[in-house]
Amino acid sequence: MKEKVKSLKQIEELKKDDPFSDPEHASDNAAIDTDVREQVGHDTIEAEVKDLERRVKEIDVALRKIIEHQYGICERCKKPIPQARLRLIPEAAYDIDCEKKLRK
Ligand SMILES: [Zn+2]
């Protein structure tokens, strides 16, 4: 799935941007304000990486379902999920009815 590759690539890029991954970070004598900026940058990147990792996990679940020929089947009622919905949310685990019921 193209999207998984894209997400994994984004994670890689974000981690590269993370100031904490700079090998010189620990040894540099940065001013305190630089440290604060690096901390904020690190936190933002960490949150984004977490988001992407969650996304990759969802894609993995969808991929596993394709392998098991379960893809597009609602996990709750076992009815096929409408194609229009799958196009919108490829990793959807439930049809709209079940999703609504589960959210209540
Ligand atoms: Zn259902």
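Cut-offs and rules
- Residues numbered from 1 in each chain as written.
- Predicted model: local features only at pLDDT ≥ 70, side-chain atom pairs only at ≥ 80, totals over all residues.
- Heavy atoms only, no water.
- Donors = N, O, S within 2.8 Å, 3.2 Å for Na, K, Ca; no water.
- Tetrahedral: all angles 85-135°; square planar, octahedral: opposite > 155°, others 65-115°.
- Buried < 20%, exposed > 50% of the residue type's maximum accessible area, 1.4 Å probe, protein only.
- Core = buried A, V, L, I, M, F, W, Y, C linked by side-chain atoms within 4.5 Å.
- Helix = DSSP H or I, 4+ residues; strand = E, 2+ residues; numbered from the N terminus.
- Contact = heavy atoms within 4.5 Å.
- Salt bridge = Lys/Arg side-chain N within 4 Å of Asp/Glu carboxyl O.

Colleague: So what's going on with the coordination of the zinc ion? Residues and values would help.
Modeller: Octahedral metal centres with six donors ideally show angles of 90 or 180 degrees, and tetrahedral centres with four donors ideally show 109.5 degrees. The coordination sphere of the zinc ion contains the protein donors Cys74 (SG), Cys77 (SG), Asp95 (OD) and Cys98 (SG), at a distance range of 2.1 to 2.4 Å. Around the zinc ion sit four donor atoms, and with donor-metal-donor angles ranging over 85 to 128° the site reads as irregular. If you list the donors of the zinc ion from N- to C-terminus, the spacing comes out as C-x2-C-x17-D-x2-C. Under the relative-accessibility criterion, Cys74 is labelled buried at 0%. For Cys77, a relative accessible area of 29% gives the class partly exposed.

Colleague: For the nonpolar core, give the residues involved together with the corresponding values.
Modeller: One finds Ile11, Leu14, Ile45, Val49, Leu52 and Val56 forming the largest nonpolar core, which totals six residues. Secondary structure elements with two or more residues in this core: helix H1 (2-17) and helix H2 (32-67). Residue contributions to this core peak at four residues, all from H2. If we skip the residues at most four places from it in the chain, Leu14 touches Ile45, Glu48, Val49 and Leu52. Counting residues in each nonpolar core, the second largest holds five residues, with Cys74, Ile81, Leu86 and Ala92 among its members.

Colleague: Which residues make up the pattern of salt bridges, and what values go with them?
Modeller: Considering all chains together, one arrives at nine salt bridges under this definition. Note that Glu58 and Arg55 form a salt bridge whose closest N and O atoms lie 3.7 Å from each other. Taken together, the residues Glu58 and Arg55, both in helix H2 and three residues apart, mark about one turn of the helix. Across the pair Arg85 and Glu99 runs a salt bridge whose closest N-O atoms are separated by 2.6 Å. Taken together, the residues span a long stretch of sequence, with Arg85 in helix H3 (residues 83-88) and Glu99 in helix H4 (residues 96-103) at a distance of 14 residues. Note on Glu99: relative accessible area 23%, which makes it partly exposed. One salt-bridge network, held together by shared partners, links Glu3, Arg55, Glu58 and Glu91.

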